[in-house]
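Report on the structure
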Amino acid sequence: RDALTVSDVSKAMIGLQTWDESLRKGRLPLVNDFKASSPDGNPEIWPEEPLFSCAQDVLVDLGLARLVRRHPEILPSVLLSVAKMVVQFTIESRQGKLTIVNTVNDDGKSNDDNIVSWENYESIDDDEYSQDFSFQPLSSEEIETLAKTVA
């Protein structure tokens, strides 16, 4: 479920080629640098939003394009770092978040009114409850936060 697909790898190959061409010119890729490969004719940027914008912001602040222009020997390492960032983001965003559902206390009463976030799990006494776990998709706000964290 959270593995990369052939489509992901194909997009990455095309995306990394665009990044390579742009960085060799001494700049980060722009949306217009990506070829129109979506059905509606719009460019398919790689990585997808919101990670693309977050990565752009971080790399501009670091002056990465200028650094690569001065030291082209680091280009393969930069491209590898971008690819690793995208893989991490893709897997984590597809995995979702682990939540506790259908919590049952010692009295046998179900307490499934709320889905308890995994972060709160440590505060629950294991001896008093039995839990069922479920992965829930990330919200758009959580995906935005993940993109900023990964970038």
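Predicted model only: the values in this text are computed from it and were never measured.

**Details of the overall build of the protein chain**
A count of helical and extended segments in the protein chain gives five helices and four strands. Listed N to C, the secondary structure of the protein chain is α-α-α-α-β-β-β-β-α in terms of helices and strands. Here the protein chain holds 151 residues, and the buried ones make up 32% of them. At a minimum sequence separation of 6, the contacts of the protein chain that also span at least 24 residues come to 64%. Element-wise, carbon and sulfur atoms account for 51% of the exposed surface of the protein chain, whose accessible area totals about 9,800 Å².

**Let's talk about the pattern of salt bridges**
Applying the stated rule across the entire model yields five salt bridges. A salt bridge links Asp20 to Arg24, with the shortest nitrogen-to-oxygen separation between them at 2.9 Å. On the criterion of helical spacing, the pair formed by Asp20 and Arg24 is a turn pair, its members being four residues apart in helix α1 (residues 6-24). Overall, Asp20 belongs to the buried group, its relative accessible area being 18%. Arg27 is the salt-bridge partner of Asp33, the closest N and O atoms lying 2.6 Å from each other. A network of salt bridges, in which partner residues are shared, links Lys11, Glu44 and Glu48.

**Here we look at helix α5 (residues 140-150)**
Of all the residues in α5, the buried ones are Leu146, Ala147 and Val150. Projection of α5 onto a plane perpendicular to its axis shows the buried side chains occupying an angular sector of 100°, all on one side. Counted as exposed and oriented over 90 degrees from the buried face of α5: Glu141, Lys148 and Thr149. For α5, the secondary structure elements touched by its buried residues are α2 (51-62) and α4 (75-95).

**Considerations on the nonpolar core**
It is characteristic of soluble globular proteins that their nonpolar side chains tend to be buried jointly. Counting 26 residues, the largest nonpolar core has Trp19, Leu23, Trp46 and Leu51 as its most contacted members. Going through the elements one at a time, α1, α2, α3 (64-70), α4 and α5 are the ones with two or more residues in this core. Top element by residues in this core is α4. It accounts for seven residues.

**A word on the packing of α1 against α4**
Where α1 meets α4, the axes come as close as 10 Å, and the angle between the chain directions of the two elements is 145°. α4 is crossed by α1, and the crossing has right-handed handedness. Every residue of α4 that contacts α1 at Asp8, Leu16, Trp19, Asp20, Leu23 and Arg24 is listed here: Leu75, Val78, Leu79, Val82, Ala83, Thr90 and Arg94. Here the residues of the contact of α1 with α4 are counted per class, giving eight nonpolar, one polar and four charged.

**Some words on the confidence of the model for the protein chain**
In the predicted model, the protein chain carries a mean pLDDT of 79, and the fraction of residues at 70 or more is 71%. Mean pLDDT per element in the protein chain: strand β3 (residues 116-117) is the minimum at 46, and α3 is the maximum at 94. Contacts for the low-pLDDT stretch residues 110-121, under 50 throughout, to residues beyond four places or in other chains number 22 contacts.

**Brief notes about the environment of Asp20**
For the pair Asp20 and Val78, spaced 58 residues apart in sequence, the C-alpha to C-alpha distance is 9.3 Å. Aside from chain neighbours lying at most four places away, what touches Asp20 is Leu75 and Leu79.

Cut-offs applied
Residues numbered from 1 in each chain as written. Predicted model: local features only at pLDDT ≥ 70, side-chain atom pairs only at ≥ 80, totals over all residues. Heavy atoms only, no water. Helix = DSSP H or I, 4+ residues; strand = E, 2+ residues; numbered from the N terminus. Buried < 20%, exposed > 50% of the residue type's maximum accessible area, 1.4 Å probe, protein only. Contact = heavy atoms within 4.5 Å. Areas by Shrake-Rupley, 256 points an atom, 1.4 Å probe, with all protein chains shown as cover. Salt bridge = Lys/Arg side-chain N within 4 Å of Asp/Glu carboxyl O. Arc of directions from axis to C-beta. Core = buried A, V, L, I, M, F, W, Y, C linked by side-chain atoms within 4.5 Å. Axes fitted to C-alpha atoms, helices over the stretch in contact; angles between N-to-C directions. Left-handed = near helix turned anticlockwise from the far one by under 90°. Nonpolar A, V, L, I, M, F, W, Y, C, P; charged D, E, K, R; others polar. pLDDT = per-residue confidence, 0-100.

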